[in-house]
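# What the coordinates show
Spelled out from the first residue to the last, the chains are:
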Amino acid sequence: MSKLTICGGGNAAHVLIALAGHIGWDVDVFAPLADEAERLQAGVSVRGGILANYGHKTVMGRPRRISATPAEVIPGSELILLALPAFAHGSTLQSIADHLDREVAIGALPARGGFDYQAFSILPNKGVRIFGLQTLPWACRISTYGQEAEILGTKAEVDLAAAPAAELSRITQQLEPLFSSKLSPHSSFLSLTLANTGQLIHPGIMYGLGRGKEGDRFAQDDIPLFYQGVDDPTAHVLQSLSDEVQAIAGAVAAVLPDFNPREVATLHEWILRAYPADIADGSSLRRAFNTNRAYVGLKLPSRPVGPNSFAIDYKARYLAEDVPFGLVVLRGIAALVGVRTPTIDEVIIWAQEHLDKQYLVNGELSGPNLVETRAPQIYGIQTLAQLAKA
Ligand code: NAD
């Protein structure tokens with residue numbers, strides 16, 4: 001094993017530091033946000049490493065170096081993992097671009113939509129390999145900053161794409177010892193982008209459960225449950241979003257012969273595959289969400305507005321990340337292959353108002369904030385031929 005660099009200092013980064021250090025990688029950490037590098041360093045020095053608790057077992061890994069300066073930690077990396085929300089991918093790639101070795105592989109956990117378009121636009125001609133996971137292999141939370149994180153659940157299977165695709169087996173071999181989840185290869189980033197289920201689940205449930213509740217106030221104990229709270233109308237929204245993705249995948253396959261639409265699972269197939277041991281009743285999409293042990297107790301994102309009074313937080317990551325780096329990317333691909341997406345449009349139009357953004361205007365991806373998204377059109381992909389080339 002040689003050197004792996006983790007970018008980020010959040011929940012996922014804590015778990016990765018523990019796991020990668022535990023299995024013997026030399027782990028460096030690039031944490032440029034605010035004072036995270038110092039706080040991580042201070043935390044690590046308390047116990048000599050970071051602990052990841054699975055409940056039944058605990059592993060510890062010690063990072064070798066933690067820095068907010070890319071020149072100190074990026075050179076010499078064999079693998080770089082972006083353990084970041086998608087809105088931090090661009091600035092992080094820009095900071096590390098000039099310090100990369102030629103054969104490095106850079107991966108995003110999770111990739112969200114259009115990671116490949118953005119990465120190749122920032123890292124042109126550097127000979128780097130990129131990869132992305134469809135989701136994070138765990139649900140995890142920091143319990144003590146720099147010291148300890150809890151792994152609340154582990155997905156049985158996680159999708160993986162790489163570019164160039166020929167690198168998939170080498171990258172899978174490098175990553176497999178890190179994760180207990182099975183890695184399922186995708187033949188292209190395009191199918192990984194379409195298979196991103198977070199972009200359906202998060203905005204879909206926010207729309208289903210949060211629409212019309214803007215003025216509602218909740219005591220802490222009464223904040224509605226997110227996944228367990230999925231009702232029939234919300235399940236219908238999720239099903240419609242999933243059906244539209246299947247239509248997009250079918251249309252892409254009709255014009256790109258190498259594209260395999262079977263790699264893009266329906267939402268129901270995906271949840272049963274990701275949580276086979278956690279779902280008590282998988283007979284319907286709604287029941288699969290309601291009875292998934294891994295989702296128990298998780299609530300709608302909220303913000304305090306008074307003493308024991310909370311409002312739904314419509315600017316939370318479930319919209320702020322999954323719309324510009326998810327649904328809008330899907331919408332851009334749909335436009336290229338000529339598929340109508342009424343439910344995706346409905347959710348984008350509702351969400352963009354809450355985010356104070358304009359992506360979709362009069363049925364066109366022409367809003368002034370489109371440039372902040374990873375829609376393929378932003379990267380000059382305006383035609384099917386350009387999509388095929390990308
Ligand atoms: P987090 O909120 O804990 O991590 C945020 C970290 O990202 C910050 O601590 C900082 O290090 C970095 N960051 C944020 N903005 C930055 C910026 N502008 N510049 C540089 N760095 C910046 O997030 P997380 O829980 O580790 O999640 C990472 C990704 O995984 C997200 O996309 C999240 O949606 C996804 N995810 C997380 C979980 C989970 O259980 N934690 C589960 C599924 C998916």
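Look up a bit, the structure's there.
So, here is what we can say about the structure in this document. (Residues numbered from 1 in each chain as written. Predicted model: local features only at pLDDT ≥ 70, side-chain atom pairs only at ≥ 80, totals over all residues. Heavy atoms only, no water.)

### Quick notes on the site of the ligand
Stated formally: Only heavy atoms are used to decide nearness, and a residue is near a molecule or strand if one of them lies within 4 Å of it. We call two N or O atoms a polar contact when they sit within 3.5 Å, provided that within protein one can donate a hydrogen and the other can accept it, with sequence-adjacent residues counted only if both atoms are side-chain atoms. For accessible areas, the Shrake-Rupley method is used with a probe of radius 1.4 Å. Any residue's cover is judged against the shown protein chains and nothing else. To qualify as a helix, a DSSP run of H or I must reach at least 4 residues; to qualify as a strand, a run of E must reach at least 2; elements of each kind are numbered from the N terminus.
Near the ligand you find 21 residues, and of these Gly-9, Ala-12, Glu-36, Arg-317 and Glu-321 are the closest. A distance of 2.5 Å separates an oxygen atom of the ligand from a polar side-chain atom of Glu-36. Here the ligand loses 81% of its free accessible area of 830 Å² to cover by the protein chains. Within the residue set of the shell around the ligand, elements represented by two or more residues are helix H1 (11-22) and strand S9 (138-144).

### A few points about helix H8 (residues 198-210)
For the record, the criterion: Expected helix span is taken as 1.5 Å per residue step, with the number of steps being one fewer than the number of residues.
Compared with an ideal rise of 1.5 Å per residue, which puts 13 residues at 18 Å, H8 spans 17 Å between its outermost C-alpha atoms and is within 8% of the ideal. Downstream of H8 by one or two residues, Gly-212 has phi in the positive range, about 85°.

### Some thoughts on the pairing of strand S11 (residues 157-163)
Note the threshold: Relative accessibility thresholds used throughout: buried, under 20% of the residue-type maximum; exposed, over 50%; partly exposed, between the two (1.4 Å probe, protein chains only). Pairing between two strands is assigned when DSSP locates at least 2 bridges connecting them.
Of all the 7 residues making up S11, 7 are buried; the element is thus mostly covered by neighbouring parts of the structure. Residue alternation in S11 divides its side chains into two sets, Glu-157, Asp-159, Ala-161 and Ala-163 and Val-158, Leu-160 and Ala-162, and both sets are buried. As defined by bridge partners, strand S8 (residues 129-133) adjoins S11 across 4 bridges and the pair is classed as antiparallel. By the bridge assignment, Ile-130 is partnered in S11 with Ala-163. Direction of pairing for S11 relative to strand S12 (residues 182-185): parallel, over a ladder of 4 bridges. Across the sheet, Val-158 pairs through a bridge with Leu-183, a residue of S12.

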